[in-house]
Amino acid sequence: MQKMKRWEDIHTDGINRMAARSHYISFPSREAAETGDVRNSHYYQNLNGTWKFLFLEAPEYSPEDFYIENLDTKNWDDIIVPGNWQLQGYGKMHYSDLWYNFPIIPPRVPTDNPTGIYRRQFDLDRNLDGEQLILRFNGVDSAFELYVNGQFAGYSKGARIQSEFDITDLCRHGANTLTVRVFQWSDGTYLEDQDMWWLSGIFRDVELYSRPTSGLYDYTVNTELDGDCKDARLTVSVVQTDHCNQTIVYELLDPAGNQVFLKEQRAEEPFSKFIAEPLKWSAEEPHLYQLNMTVKKDGKTIEVIHQPVGFRSIVLAGDQFLVNGVAIKFKGVNRHDYNPKTGRVVTKEEVEQTIKTMKQNNINAVRTAHYPNSPFLYELCDQYGMYVIDETDLECHGFELTGKYDWISNDPEWETAYVSRLERMIQRDKNHPCIIMWSLGNESAFGHNFRAMAKRAKEMDPTRLVHYEGDREAEVTDVYSTMYTWLERKERLTMDQVIEKATKPHILCEYAHAMGNGPGNLKEYQDLFYKYDKLQGGFVWEWFDHGIETVTEDGKVYYRYGGDFGDDPTNGNFCIDGLIMPDGTPSPSLFEYKKVIEPVQTECVDIEKGIFRLINRYDFLSINHLELTCSLYEDDKLLDTCRVELPELTARGSVEIQLPVGQEIEKISGAHYYLVLSYKLNQDTRWAARGHELANASFVLPGKEKIANVHADGDLQVNREHAFLKVSGADFTVTFDCVKGILKEVVRNGKVIIENGPRFNFWRAPIDNDMYLLPDYRTKYFMHLGHEIVEDIHYEMKEGVFEWHTKALYGTTNSSWYYQIQYTYNIYPDGDIVCTIDGVASGVKENAPVMIPRLGVQLQLNKDYTKAEWRGRGPGESYPDSNQANHLGVYRQTVDELFTNYVKPQENGNRSECDWVGFTDLDQNGLIFIGGDTFNFSASHYEVGDLEKAKHTIDLQPRDYIVLNIDYKQNGLGSNSCGQDQLEQYRCKFEDFTLSFRISAFNSEKTTAVALGRQKC
C-alpha cells in the first residue's frame, strides 16, 4: 500500500496546532492595556523580516536534517517574510479563475511540488515561568511544517487562517532556531481554488508572544437586544486552561469613556449583565463600547484584555433579516487581500485606507472573498462601520468541469477538512460586531459537508446568519444568495423570478462584474433593492484589479495579468475586474456605484416651482450630519450658490422642499441652466473631512431656444483636379475625394485641421464585457471589417453654398445586411461645414447582429487641438447604462484627460448627451462641432485598432493626430464578462439614423465655444 504523504492526508488537518481561538492581545496591566500597543503585552516579538530561504522542486529534495540547528545555510538565499515567493523570484506566476493546475485526483497532488524552507533565529531574553510561549502564523499557503531548535513542533493546513503552536517546552533562554517547510500543493489545495493568482509562502505576519497560563485561553462576547431593540444583555463566556480560583473584573465603558458598570466575579461563572438603552452598533453609527476584563489570582492582576463591544442584533423575520430591527440594505463589495507589488501581503495602513475609501464612496459592506481576510480588517470594520460577510477559505471550482461538481463536497471523508476551516474562522473572528454572516465558502457545489458546516456554524454561533450561494435551494442557509442574477433573459434565472419565489431574504453575493469598462445596469439593480424589502442588496465583484506591477527598462509602469508569465491555462485579464485600478486610481465604475447607492436621492416634483423630493436612503441615520449646497449655472457660469437648511428627515423617510431655481433670471437664448445640489458632511468623521460630498443631483431648468446661425457673406471657388475636388474660401480649403466620396482634408490659414472624415463607423474597440459577443462579431458578422461601396457622388453650388452628396452602401465582409448611407456636406463662404449622415438599415435585416457597437462617424483632428470643452454629461465617461455619476453641464479637459487608461486597453472616454464639443490649440484657435440633436463623442490619440491590438498600456503609441468619434448612439456596457448583458433599452441596434452637426472654426480670444454652442446647427 502506498504510504500517504503528510501533505496529502485529508484526515490530518493539523499536528500540535493549538485549538482555535479569538485573535486578541493580553496585557500584564491596565496601564499597558491602555496603550493598545502589542509591544507592551506580556512578551512579544514580531518575526517579520529577512529569513534564510531554500527553494526546491519538491519536498523530497529537502536536505537531510534540514531542520537541525547547526545546519550550514550560508549558501541559502534571503527572502522577505511576509511575502509570496513567486513575487520574490521563485517558482512560477499563474492566474486562473477556475482550473486546478494539476490532475484532479483528490487528495493527490503533483510530485513536482514547489517547496520553500525558511529559517531564522530569535532570542528569548526573559523567564517564562507561568507563561505559555506561542508562535502564531497568520497565513501560510498552502501547508507547512514547523521545527524549533531541531525538533518537530507541528503541522498545519488552511492557508488563510491563523495557526498557533505552543513552543514553550522547545525553547530556551538565548538563541533559538525556527525552520518552516512550506508546500505549494497539498490536499488543502483542493479547497483553495479561488479566482486569484496562485501565490505561495508565508504571506502574513509571524508573531511570537506569551500568555499567562492562569489567564484566559479564549472568550466569547455576545450582545442580545430586546424585542424593541432598546435594552440589551451583555454575556461573556470564557475558556481557561488553568483553574486556580481566579476572578475576573468586568468593566464596561461607553463610547465616551464613561463607566457603565464594574463587577468582579469568579472566572468560571458565566457573566451576564443587563444594559439599559445602549447606543447601538451599525455600519452607519458604529458605536463601540469597551469591555475591560481583568483576570486576578489571589488579588494580583494576571492579565488585562480590552475588547471592543458593539451592541447589535441580527434576527430573521420572515423573508427579511433585521439588524437592530431594520431590514438593512447591503451596498457592498467583494474584497481580496491584495497589493500589486507584494501579492496577498497587505499592511494595516493599506487596509485602513481601503476602508476609508469605501466609506467615502457610500459602501457599507464587505464580503471577504473567498477566505478570511487579514485580522486587522475586522478591527477596522468594527471601528469605521462596515458590515462583513466572513467567508471560509473554501472553493472547489475546478470540480465543476469534471461533471461531478460535488465530488468532495458530498464525500463525508472530507467532512473534517471542510468543518475545520469554518470552525477556525468563527473562533478567530467571533467577537467582531461587524460580522453579520458566516459564509461556508464559494463555488463548491453542495452536499454532505456543507450541511455539516451549517450545523456546526449554528452550534458555535446562533447569533449570526449562515450564508452560502452554492446552497441553491437555501436548504441550510438563512439567506437565499445568488450571483450575477440577470435582470432580463428567458433562459436565465432573473430577478423577477427571485422576487416571486424567494421565501428567505435574498442577497446578490456577487453582481456587477467590474471588469474593464463597466459594469452597466447598476441603477436597475439598486432600484429593485429599494423596491422590495426581501431584496437586501448585494456585493459588486470586486474592489481591486489584481494586476502585477511591472516596470520597463525605460521606467514605464504597467500591470501584467494572466498569460503574461507563460501561465497556461489562464483566464487572462479576468483578474482585472475591480472598482479600483492596481495603482489605486478609482475606475469610472466606482463613481457610478457611489452615485447609485448615495444616501440621499433627489427627485424633481415641479421644476417650474422648484419643488423637489428628498429620499433618505440610510437605514438608521437622519441627514442631520449633512449640509446642502444649491448652485445655479448658466452653462459654465456660476450665477448663484447658497446653503439650504435641510429639514428633519429620519432614516428611510422622504420630504418635499422648495429650492431657488432662478425664476427671476433673464435667460439667454441657447444657454442651458442647471441646478446642482451637493450633499456634504457638515463635520469631520473618522473616514472623511468636513465638506466631503456623499450625494449630489443636477436638474436642467427650462430655457430659451437656440438662436439661428447667420453665415458671413463671401465667395467660394470650386476646382476639380482629377480625382479630387477643392472648395476654397477666403482663408480655407476643403478637399473631397471624388472616388471615395469622402471629405479628405480641411485646411485653414495654411494649416491642416481635419483629415479623413467624417466617415461612417460602427465598430469600437471591444470592452471586456463584450467577450461573449466577440466570436460572432469577428467570425460571423466581421464587424471589424467594414467596406464602403460608393454608388453616386453629386455636388453643386446653391445660392452661394456648396453642396456635396455621396450615396454609398456600407457593410462588412460576407454580410448580407448593410446600411444605405448618404453623406451631405454644405460648405458656406465663412468656412462653416454642415454635415448630415443618413443611414437606412437595409439588406437581409434578419441576418444582422442583435447589437451594433456604435453608430457614428470618425475623423482626424490636428494634434494641436489638445484642449476639449463640451456641453453634455461629464466630467467623466458615460454610456447609456452607466451615466448616473456624470451630470449635464459644461466641462473642460485635455484630450489626454478624456482617456481612461484601462489596464487592458479598450473602448473608453465616451461623453454622452452632448449638443456641442469644441477643441482649441495653444494659440486659442479652435473647432466646434454643434449637433442638430444630442450626440456622443470621444477623442484620443489612438485609433480603434490600436486599442484593439494592445495588451497593455505600454503597447499604445500615440498617433500624430487626434481621433475624434461623433456618434448617434453607443451600445451599452452591460456586465456580461460575468452576468447580465446589455439591457434591451440600452442596446444600439441595426436601425435607421440621422446624425448632423456643424463644424465651425473660431478663435477663443474673439468668441467662445460656449457662445457658439448656443447657436443652432
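What counts, and at which threshold
- Residues numbered from 1 in each chain as written.
- Predicted model: local features only at pLDDT ≥ 70, side-chain atom pairs only at ≥ 80, totals over all residues.
- Heavy atoms only, no water.
- Domains from an automatic or database assignment.
- Buried area = accessible area lost by both parts, 1.4 Å probe.
- Salt bridge = Lys/Arg side-chain N within 4 Å of Asp/Glu carboxyl O.
- Polar contact = N/O pair within 3.5 Å; in protein donor to acceptor, adjacent residues only side chain to side chain.
- Helix = DSSP H or I, 4+ residues; strand = E, 2+ residues; numbered from the N terminus.
- Buried < 20%, exposed > 50% of the residue type's maximum accessible area, 1.4 Å probe, protein only.
- Pairing = 2+ DSSP bridges.
- Axes fitted to C-alpha atoms, helices over the stretch in contact; angles between N-to-C directions.
- Left-handed = near helix turned anticlockwise from the far one by under 90°.
- Contact = heavy atoms within 4.5 Å.
- Nonpolar A, V, L, I, M, F, W, Y, C, P; charged D, E, K, R; others polar.
- Core = buried A, V, L, I, M, F, W, Y, C linked by side-chain atoms within 4.5 Å.
- Phe/Tyr/Trp six-rings, centres within 6.5 Å; stacked < 30°, edge-to-face > 60°.
- Lys NZ or Arg CZ within 6 Å of the ring centre and 35° of its normal.
- Patch = residues over 30% accessible without salt bridge, like charges linked within 9 Å, V, L, I, M, F, W, Y side chains within 5 Å.
- Areas by Shrake-Rupley, 256 points an atom, 1.4 Å probe, with all protein chains shown as cover.

Asks: Could you clarify how one ought to interpret the domain arrangement of the protein in this entry?
Replies: The figure often quoted for interface size is the accessible area lost as the parts come together. As assigned here, the protein comprises domain 1 (14–212), domain 2 (216–314), domain 3 (326–548 + 575–595), domain 4 (598–701) and domain 5 (717–1014). On a C-alpha basis, the centres of domain 2 and domain 3 stand 30 Å from each other. Across the interface of domain 2 and domain 3, roughly 1,400 Å² is buried in total on both sides, 54% from carbon and sulfur atoms. Contact with domain 3 buries surface across domain 2, with Trp 281, Ala 283 and Ile 314 losing the most and accounting together for 41% of the total. Linking domain 2 with domain 3 are one salt bridge. As a salt-bridge pair, Asp 218 and Lys 430 come within 2.8 Å of each other at their nearest N and O atoms. The interface formed by domain 2 and domain 3 contains nine residue pairs in polar contact (both at pLDDT 80 or more). Here the side of domain 2 that touches domain 3 takes five residues from strand β16 (residues 216–225), the largest share from any one element.

Asks: Would you mind showing me how to read the pairing of strand β7 (residues 131–137) here?
Replies: The side chains of a regular strand alternate between both faces of the sheet. Among the seven residues that make up β7, seven are buried, leaving the element largely enclosed by the rest of the structure. Covered by surrounding structure in β7 are Glu 131, Leu 133, Leu 135 and Phe 137 together with Gln 132, Ile 134 and Arg 136, the residues of both alternating faces. Across seven bridges, β7 lies against strand β15 (residues 206–212) in antiparallel orientation. What sits directly across from Leu 135, in β15, is Leu 208. As judged from the four bridges shared by β7 and strand β11 (residues 163–166), these two strands associate in the antiparallel manner. Residue pairing in the sheet places Arg 136 in a bridge with Glu 164 of β11.

Asks: In this structure, what is going on with the packing of helix α2 (residues 348–360) against helix α3 (residues 375–384)? I would like to understand it.
Replies: Look at α2 against α3: their axes get within 10 Å of each other, and the N-to-C directions meet at 35°. Note that α2 runs across α3; the crossing there is right-handed. Contacts between α2 and α3 involve Lys 348, Val 351, Glu 352, Ile 355, Lys 356 and Lys 359 from the former and Phe 376, Leu 377, Glu 379, Leu 380, Cys 381 and Tyr 384 from the latter. Among the residues making up the contact of α2 with α3, the classes are represented as seven nonpolar, no polar and five charged.

Asks: How should the sheet that holds strand β40 (residues 673–681) be read in this particular structure?
Replies: Two strands in a sheet stick together by hydrogen bonds in their backbones, pointing the same way (parallel) or opposite ways (antiparallel). The strand order β38-β37-β40-β41 describes an open sheet built from four strands, whose pairing is antiparallel. Edge positions in the open sheet fall to β38 (637–644) and β41 (693–701), since each of these has one partner strand only. Averaged over neighbouring strand pairs, the angle between their axes works out to 20° when direction is ignored. In the sheet, β40 pairs with β41 via eight bridges, with the strands oriented antiparallel. In the sheet register, Tyr 679 faces β41, and the bridge partner there is Ala 695.

Asks: Please explain the environment of Leu 87 as it appears in this structure.
Replies: Mapped onto the fold, Leu 87 is located in the loop between β4 (77–81) and β5 (95–96). A relative accessible area of 25% places Leu 87 in the partly exposed class. Taking C-alpha positions, Leu 87 is 9.8 Å from Pro 340, a pair spaced 253 residues apart along the chain. When residues no more than four places from it in sequence are discounted, the contact partners of Leu 87 are Met 93, Leu 199, Lys 341, Thr 342, Gly 343 and Ile 548.

Asks: When you look at the sheet that holds strand β36 (residues 611–616) in this model, what are you seeing that I'm missing?
Replies: With antiparallel pairing, the three strands of this open sheet are ordered in space as β35-β36-β39. Looking at the sheet topology across the chains shown, the edges are occupied by β35 (600–606) and β39 (654–658). Across the sheet, the mean angle from the axis of one strand to that of its neighbour is 30°, orientation sign disregarded.

Asks: Help me understand the nonpolar core in this model?
Replies: Nonpolar side chains tend toward joint burial in soluble globular proteins. If you look at the biggest cluster of nonpolar residues, it comprises 138 residues, and the most contacted ones within it are Phe 321 and Phe 330. With residues up to four places along the chain from it excluded, the contact list for Phe 330 reads Phe 321, Asn 364, Ala 365, Tyr 387, Ile 389, Ile 436, Met 437, Ile 507, Gln 536, Gly 537, Gly 538 and Phe 539. Val 734, Leu 859, Trp 870 and Phe 993 belong to the second largest nonpolar core, which has 69 residues in total.

Asks: Explain the packing of aromatic side chains to me, please; I cannot follow it from the model alone.
Replies: Given two aromatic rings, their pairing is described by the distance between the two centres and the angle made by the two planes. Taken as a whole and assessed by the stated rule, the structure comprises 63 aromatic pairs. With centroids separated by 6.0 Å and ring planes inclined at 55°, the aromatic side chains of Tyr 338 and Phe 544 adopt a geometry described as tilted. In this pair, Tyr 338 is assigned in the loop between β25 (330–335) and α2 and Phe 544 in the loop between β32 (535–540) and β33 (548–551), connecting sequence segments 206 residues apart. Judged on exposure class, the residue Tyr 338 and its partner Phe 544 are both buried. The lysine or arginine in question, Arg 617, covers the ring of Tyr 530, its NZ or CZ lying 3.8 Å from the ring centre.

Asks: Sorry, what's going on with a nonpolar patch on the surface here?
Replies: On the surface, Val 718, Tyr 795 and Met 797 cluster together into a nonpolar patch covering about 230 Å² of accessible area. Here Val 718 shows up in strand β42 (residues 717–721).

Asks: Please explain unusual backbone geometry as it appears in this structure.
Replies: A negative phi angle is the norm for most residues apart from glycine, just as the trans form is the norm for most peptide bonds. With omega at 10°, the peptide bond leading from Asp 141 into Ser 142 counts as cis. Cis geometry is adopted by the peptide bond preceding Pro 875, which originates at Gly 874 and carries an omega value of 5°. One non-glycine residue with positive phi stands out, namely Asp 635, at about 55°. Assignment of secondary structure puts Asp 635 in the loop between β37 (626–634) and β38. Residue class for Asp 635 comes out buried when judged on its relative accessible area of 2%. A positive phi is found at Gln 924, a non-glycine position, where the angle reads about 75°. Tracing the sequence through the fold places Gln 924 in the loop between β54 (911–920) and β55 (925–940). For Gln 924, a relative accessible area of 24% translates into the label partly exposed.

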